Each structure stands twice: as C-alpha cells, then as structure tokens.
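# A structural walkthrough
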Amino acid sequence: MKAPIFTNPLEDSKQSSKVTDPCILVIFGATGDLTARKLMPALYNLALDAQLPSHFACVGFARREKTNEAFRQEMLEAVTNFSRTKPIDEKLWSNFSGQLYYHISDFDDDAGYESLKKTLEDLDQKLGTKGNRVFYLSIQPSFFPLVTDKLHQHGLIYNPKEVKDKWSRVIIEKPFGHNLESSIELQETMTKCLSESQLFRIDHYLGKETVQNLLVFRFANSIFESIWNNRYVDHVQITVAEELGIGTRGRFFEEAGILRDIVQNHMMQLLSLMAMEPPVSLNANDIRDEKTKVLRAIRPIDMANFGKYVVRGQYGPGLIDGKSVVGYREENNVSPTSAIETYVALQLFIDNWRWVGVPFFLRAGKRLPKRTTEIAITFKNIPGVLFQNNNSKSENNVLTIRIQPNEGISLKINSKVPGPSSPIQPVKMDFRYDSYFGVSPPEAYERLICDCMLGESTLFARVDEVEASWKLFTPVLERWAESSPSDFPNYAAGTWGPKAANDLIAREGRAWRIL
Amino acid sequence: MTQTAESCKQNETKGNLKPSSTCLFNIIFYIENTASKASYQKFLDSLKKKFPCRAIFIVEDSESTADLLKIEINGQEGLKTSAACDQISIDCTSKTKDKTFFLILSYLLSDLPTYVIWSQDIVKLNPILEDLKTIATKIVFDPQTTSNLKDFSGQLIDHIEHTSCGITDFAWFNCFGWRELFASVFNTKERVDQLFHARIIRIKYKSADPLSNKNDAAAIYFQAWLAAQMNWKVNDVESIEGNKRVCYERFLHDTIVLVVPELSDESNSGQITSVEIEGQNGVHYLLKLGVKDPFVKVWISDSTSCEIPYQVVLSVASKEQLVIGDLFRRGTNPHYHNMLKLLYQTKWNH
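As a starting point, this report considers the structure included with it. (Residues numbered from 1 in each chain as written. Chains lettered and ligands numbered in written order. Predicted model: local features only at pLDDT ≥ 70, side-chain atom pairs only at ≥ 80, totals over all residues. Heavy atoms only, no water.)

### Things to note about the sheet that holds strand 5 (residues 168-173) of chain A
Residue and element names in this part refer to chain A. In space, the seven strands of this open sheet follow the order 3-2-1-4-5-6-18, with mixed pairing throughout. Pairing within the sheet leaves two strands with one partner each, and these edge strands are strand 3 (100-104) and strand 18 (460-461). Contacting strand 1 (23-28), strand 4 (133-137) and strand 5, helix 5 (residues 144-153) runs over the sheet at an angle of about 160° to strand 4. (Pairing = 2+ DSSP bridges. Helix = DSSP H or I, 4+ residues; strand = E, 2+ residues; numbered from the N terminus. Contact = heavy atoms within 4.5 Å. Axes fitted to C-alpha atoms, helices over the stretch in contact; angles between N-to-C directions.)

See below:
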C-alpha cells in the first residue's frame, strides 16, 4: 500500500516557492564560456532570490590547474560582468562563494572520478547535501557518453529503481546528436547509464519568459483558441534572425551549420508550442506529448521538389550597423571554401485537423540586419465585400509574438482614420513586457537549473521530441551533403537573406515580413 | 452635487495628464491625515518603478468640518519606461468625504483591477469603505492603525465573509519571509510533527519601544498563523512588560508562545529576528536572522544528534514586491483567513 502523500500545512501552494532538495551541482567544463556567462550568474541570482536549496554546493570539474580560491575569484568576475542584477551583493557573494569548489581532472581519468566521489561525500557530511547530485555537462557533445559512463561506473549516478533516498540527474546541452542516427545512438549510450527521467536536455529557449508565456497566452485566454486554426489563419512565419556572425565559434559552426544550431531545436520548440493542441494538464509529460504530436504531424519535405521548400544561404561581406564585416568564409577557423549554411528558409505543413493547408514559413540566419525572434500569425483577409476600394483597403490582421528583443505581443488591426473620407489604416495593439513589468525577468538558465533541481521536466526536451525533429531534418542534411552549393555566399551580411528565400514564399503568394 | 463638481473643476489643477499608455491596475489610498501621506507616497513611488498604475490618494482631514474638496492631477513619466503613471490627489474633510467616491469613479481605468489601501482603523466605521468595496478587487488594511486586534480581526473576517473582493493587510506581508522559511524548514512529516508537539516557541522581534507592544503585529501574526495551521486553540494571552505569553491548548499538553521585543532603532521596528522552538525529546530549533544581512542561520538538534547548521536567505523581496505578490493573487489567502479566525478568539491587548 502506498504511503499517503504528505501535505505540508505550512506551505501556501499558490504562493510559496517549491522547496528544492539539498544537492550538489557539478559542472563539467567549468572553465568554459557557458559557465562564466550563464551558469554561474544564474546560480548567483537564484541565491539572491532564495531559490537555491538550503544545503547546496557547486563543484566545477575541469582540467586546468586551479585552487578553490582562484575559481571563486574567477566566478566573481564572471558574475560581476554577466549577472542581470547589479551591483553584486557582497554579503550574499561571500556566503555563496563559500559553496563553490573546484575539482581538477580529465574527463577520462578514473582516479579523477574516484576523488570527485570522495569530495562529494565529504561535502555531503559537511553541508548536509544528502547525496543528491546534478551533473551539468557543459562540454562538447562528443564527451557526453564518456563522462556519463564514468559517472555511472564510479557510482555517481544512481539507479532510481534501487536507490530511493537520494537522486542524481544529468543536464546536457544541445546539439543532441548531429542527425537522426547519431541522436538515437547518443540516446542508447546515455540510457545505458541513466534513465530518461534522469536526463534533462536543455533548450534554453524554453527557459525564456516569453516562450513560457506562449502556453499562458494560448490557453488562459478564451478568445484565441477558436481562431487558432486553418479556418482563420492564412500562414505563420517564424523568424530567428541574428545580426552577429559566428564570432569565435568557427570550429563548432563548421561542424553544425544553422539548421543544426537553431532550426532543429529552438525553432521546432517555438513551432510545437505555437501549433500544439491544449494539453490535458500542465504536467510535464502531458505538455510534451502534445508537442511531440505536432512534430510527428509535420509533412516530410518533398525531396522531388526540394528547392521549392528549402533554401540555404551563406553570408558574404557586407555592412552591419554601418560597419563593414567579413563574409563567413573569411571568419576565423572557417574554410575558405566552406559549404556550411548560415541561413535557412523553409516551408512546412502540419497535416492535422487544425493546421491542414496552412503554410508555416521558417527562416533563421546569421548576419541579418537585426536581431529578432518572433512568431507572426497572419490571419485570412475579410471577404471582399466591404472596404475594398483603394482608400479603404483593409490589411490582414497579424498577431505577433516577439520572443526577443522588445518582448511582447502585438495585434495589427484596421482602423478608420478620423475625417470625412474613410481611409483605413493599420494600427497596432501592443503589449510590451518592459512597459508593464519593470522587474528584470529571470534569465532562462535560472529557471532551468531550478527546475532540474526540483525534478520538473516540462521545460526540457524529451527524447521523442528530439528524434521527431531529427527525422524531419536529417533528409535535408543528407541532400545538402550530396552536393556543394554553387552560389555561396549568396547574400550580403546586413541583408535579409538570399533571393531564393524571397522566391520560396512569393511562390505561395505571400511575402516575408519586414522586421 | 453639481455645485461641488463645478467647484472641483475650478480647483482642479491639470498637470501633465496623459492617458496611461500602460497601466496594470488602479490603486486607491484612503488616508486619514496628511502626515501619513508621505510614507504611502514613498511606497507608491517605489511600486510605480516596477508596476505602472494609476494612483488615487484620498486624504481626509477628519478634524476639519470645512466644505473643502480639492483635486490635483499629475501625470508622471515612469522612470525606466515610457509608461505614464497618473496620480490623482483628492483632499476632503469629514463633511465632504461622502462625495469622494463619486469623484473616484470618473478616474478609474476600466477593465483593470482596483486595489484599495485603507489606512484608517477598520473598527471605526466609515461609509466610504462600503462604497469602495463595491469596486475593489482587493483591500489592504493596516493593523498598525488599531489598538484592538481582536475587533480588527473580527471586522476583517466579516468583510471576507460578506464581500467578493479579496482582503489582506500589511502585517501579513511583513511576516511573509518567515512563513516561507518555516514552510521550507518544516518540510517533512517528521518535522511538522515535532513542531506540532512543541512545548515552547520563543519569537523575538525588533522594537524601538519594547515596553509598548507597538510594532509587534508581524510577530503576533506569525505565531497566530503557525497556530492556525497547526490547529491549536488559544487558551490565554498575557502581556507582561511588553512581552506576550500565549498559551495554546492541545490534547496532552499546552504549547506556550512567547513574543519578546528586542530594543532596536526605529527603522527596523517590527522585524522578527529569531524563532526558537523547544519540543519533546530534546528537539530544538533555532532560526536566527543575521545582524546586518538577510541570512537566517538554522540550528536543529535533538537529545541524541545535531544537524549541520546552515544559512538560508530570508526572502529579500522588497515591500512593494511582497504587496504585489499578494495583490495579484485572487481572493483572500485561506492561511490569512484561518489566522484571523484564531486572532479573533481572544484579546491581544494590541
């Protein structure tokens, strides 16, 4: 007989923050960029908001020689530079930094894992962290199997069926494989060492407030659900545009390309949240079930008419903010004959009752004129009965969800211009986060790390979501691999992409939004 | 009424009134005298930095019977954003206060929640409050305005049970951090049982005037909340030289709660500084706030063992964030309601 669930009479369920169990967070790759820019500032801000467990420690695991003190000093610099809250609270930092430790080892060094185990057990004794572990693998994906295997071998990952009084979890960052086959292989390797419930795949877009708001917007407002379908929606555009180039990530980008870096993961999360059916509850699996259903309903790309539905591009030299920038092939660690795409435009169809016949246009690119991520839903125009002469022609209503920057939601409607004649002018009803909520929202990683410590997996990608996405895009990658593009680079930095992308959408009688 | 409205128009000073382009809510402050307006204005100013709103101040000069009703309107730019936050001030006397409600109606922004901050003693009946209840989403009271906590609680319970708007008060916000902390420390059945069987609970709080019982509202509320959630019944309350001794009756033995003021400067008066629990079988909990920092150190032990002491951050949310957190929550908090029912059981000589 199951023990009755304990309800704490002191906990105010609607207001109290959930209590995280004591635990130790071990960051593999702690001297890397992600730890400095995102993870440590996130932990600091969680501490500031009293969201870290009462008993907590963070251990950085890396190869470089360093003392605890040196690591703490470096993390102070990182938090000072990258925390969303400033200035740094000195008293809080003094307490928090005392919980940071550094462990030197190579990823393949058994002795290093044994000494890590001893260190963690000592910290359990000293700090009361009760054996609970989160292992954050902020390392190259090729090391995931090795590190997970070592953790398992040395008893640092527990079998949840056998060990009930403590838990262990592993966080990994995308990419989860580089195609369908490697993704399945990675999954098989990882799940030899841990269960799916212990594996937390971070897609940091899911940690953004604006992305989380998609569910609230769609399902906490009754007016939208009835028009959120093919009877009223003409088409959907999803754009992830960056004005930055690839920076110092040349080596990584040459292996990946933008389809793997952004489209296969972030954009598919946006698409699935935008297109999913209402879940039966806000339980993690119920939400992820609906997201996966959307991905599985996307029509496979017609390879016989590939060029009609998929366009790739690569930026050449151009101007960004009035300054000259080099082309992709001139960037550091990039081959001068590189065939890697820095731009993709796609047309997809979701073959289910809600969306059949509605084209979804996706575009993602580097070195575009501005940084913007948005979902734009264009509604069908009114019947051509009223307001059709030149002075008073109505425009399609457009609902835009701005993910970043200028986070918010706007609705374009038509309005009469005051005066005796009746010209119609589009106007925008605009909700902006920064106008309404002056508080700086938590960064994505804060929410995600906290949720992992709580064991809450809603905001993490599940294996079937990942594989459904790879199943869609692996044939595209294979087709591209068959032949090098003859026209690269095919758009100048600072422009909105290659002409072929305009042709893709124009063929359907639509046009890309001017952002 | 028409004459009054016309005279108001003549007195009306239009500042930079602009329609609020962004506004989350209306907030109405009903203040008994001009002297206390400054502290509420300061509170409003910090609130507006994060949450644009339209604010209406009604300041009643209860000692005057003059035929005065004055309105001043100021449009203010939000500090960080382009939001415009309006502030409307209405000055009235005991003679003209009945008319203020009708003036407010014309200034409220529609479709937005309306929160009322009522700074008068609720025990003193004021018809304006009844009018405001018809438009309020939530009303916030202030236990510092009353010397009779029992009647105060009774009135609040009456409002909760006969009004659709939510009810809350400032002392409830002020003990939020300690309530959250207790929920996180006593988070297992075992610990809750230890708390339930506590023999003595000692709560210390800061006070600029330890002999007077002033500023003990948060501490009283905190222990009442605890007792209400533990289903204890008040047996007796004694006040001795500023200290309070509350006896809670339970089945096998009573639980004694001591509320003890500690001398401190005016700025932190009311803040709870420590909670100590002596339980059965040598169980002992001590939660103590640091002298100048937001950390609470926690010591837990029993007759055979001692847990590793640890520090937690007491919720460092600012007052306006605490207020907003509760305001945005619909209805009346059931924990708060339970606590009031317990407070109503006996005299607190507050």
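### Considering the nonpolar core
One finds Phe28, Met40, Leu43, Phe96, Phe135, Phe360 and Ile377 of chain A to be the most contacted residues of the largest nonpolar core, which totals 149 residues. Broken down by element, this core gets its largest block of residues, twelve residues, from helix 9 (residues 250-275) of chain A. With 85 residues, the next largest nonpolar core counts Leu103, Ala227, Val259 and Val312 of chain B among its residues. (Core = buried A, V, L, I, M, F, W, Y, C linked by side-chain atoms within 4.5 Å. Buried < 20%, exposed > 50% of the residue type's maximum accessible area, 1.4 Å probe, protein only.)

### Section: the pairing of strand 4 of chain A
Residue and element names in this part refer to chain A. Buried residues dominate strand 4, accounting for five of its five residues. Burial along strand 4 is two-sided: Arg133, Phe135 and Leu137 and Val134 and Tyr136, pointing in opposite directions, are all buried. Here strand 1 runs beside strand 4; their pairing, made up of five bridges, is parallel. In the strand pairing of strand 4, Ile27 is matched with Tyr136. By the bridge criterion, five bridges tie strand 4 to strand 5 in an arrangement that is parallel. Looking at the pairing, Tyr136 lines up with Ile171 of strand 5.

### A short note on the pattern of salt bridges
All names here are of chain A. Scanning the model with the defined rule gives 39 salt bridges over all chains in all. Put simply, Asp49 and Arg84 hold a salt bridge, and the shortest N to O gap is 3.4 Å. Here Arg84 lies in the loop between helix 2 (68-82) and helix 3 (90-97) and Asp49 lies in the loop between helix 1 (33-48) and strand 2 (56-62), a separation of 35 residues in the sequence. A residue is classified by how much of its surface remains accessible, and Asp49, at 39% relative accessible area, is partly exposed. Measuring nitrogen to oxygen at the nearest pair gives 2.7 Å for the salt bridge that ties Lys412 to Glu395. Placement of Lys412 in strand 16 (residues 408-416) and of Glu395 in the loop between strand 14 (372-379) and strand 15 (398-404) is noted, with a sequence separation of 17 residues between them. (Salt bridge = Lys/Arg side-chain N within 4 Å of Asp/Glu carboxyl O.)

### Overview of the interface of chain B and chain A
Listed per partner, the contact involves 42 residues of chain B and 30 residues of chain A. Together chain B and chain A conceal approximately 2,800 Å² of surface at their shared face, both sides included; 61% is due to carbon and sulfur atoms. Looking at the side of chain B facing chain A, the largest losses of area belong to Phe295, Ile308 and Arg329 of chain B, adding up to 17% of the total buried there. At the boundary of chain B with chain A, the tally comes to one salt bridge. Between Asp12 of chain A and Arg329 of chain B there is a salt bridge, with the nearest N and O atoms lying 2.9 Å from each other. Here chain B and chain A share six residue pairs in polar contact (both at pLDDT 80 or more) between them. For the side of chain B that touches chain A, the secondary-structure elements that each account for two or more residues are helix 2 (37-50), helix 7 (176-185), helix 8 (189-196), helix 9 (217-229), strand 16 (310-313) and helix 10 (319-327) of chain B. Among the residues making up the side of chain B that touches chain A, the classes are represented as 20 nonpolar, 13 polar and nine charged. (Buried area = accessible area lost by both parts, 1.4 Å probe. Polar contact = N/O pair within 3.5 Å; in protein donor to acceptor, adjacent residues only side chain to side chain. Nonpolar A, V, L, I, M, F, W, Y, C, P; charged D, E, K, R; others polar.)

### Here we look at the packing of aromatic side chains
This model, assessed by the stated rule, comprises 39 aromatic pairs over all chains. Here the aromatic rings of Phe361 of chain A and Trp512 of chain A are separated by 6.0 Å at their centres, their planes lie at 75°, and the arrangement is edge-to-face. Of this pair, Phe361 of chain A sits in strand 13 (residues 359-365) while Trp512 of chain A sits in the segment after helix 15 (499-506), placing them 151 residues apart in sequence. Seen from the ring of Trp167 of chain A, Arg169 of chain A lies directly overhead, with NZ or CZ sitting 3.7 Å from the centre. Stacked on the ring of Phe57 of chain B, the Lys or Arg Lys37 of chain B has its end atom at 5.1 Å from the ring centre. (Phe/Tyr/Trp six-rings, centres within 6.5 Å; stacked < 30°, edge-to-face > 60°. Lys NZ or Arg CZ within 6 Å of the ring centre and 35° of its normal.)

### Notes on the sheet that holds strand 15 of chain A
Residues and elements named next belong to chain A. Strand order in the open sheet made by the eight strands is 8-12-13-7-14-15-16-17, with mixed pairing throughout. At either margin of the open sheet sits one strand with a lone partner, and together these are strand 8 (310-313) and strand 17 (424-432). Here the strands of the sheet are splayed against their neighbours by 15° on average, with no regard to which way each runs. Two elements, strand 7 (residues 233-241) and strand 14, share eight bridges in a ladder whose sense is antiparallel.

### Brief notes about unusual backbone geometry
All names here are of chain A. In this model, Gln404 is joined to Pro405 through a cis peptide bond whose omega is -20°. The topology assignment puts Pro405 in the loop between strand 15 and strand 16. For the bond running from Phe488 to Pro489, omega is -10°, close enough to zero to count as cis. Along the chain, the position of Pro489 falls in the loop between helix 14 (463-482) and strand 19 (491-492). If you check the backbone angles, Arg367 has positive phi at about 55° while not being a glycine. For Arg367, the position within the fold is in the loop between strand 13 and strand 14.

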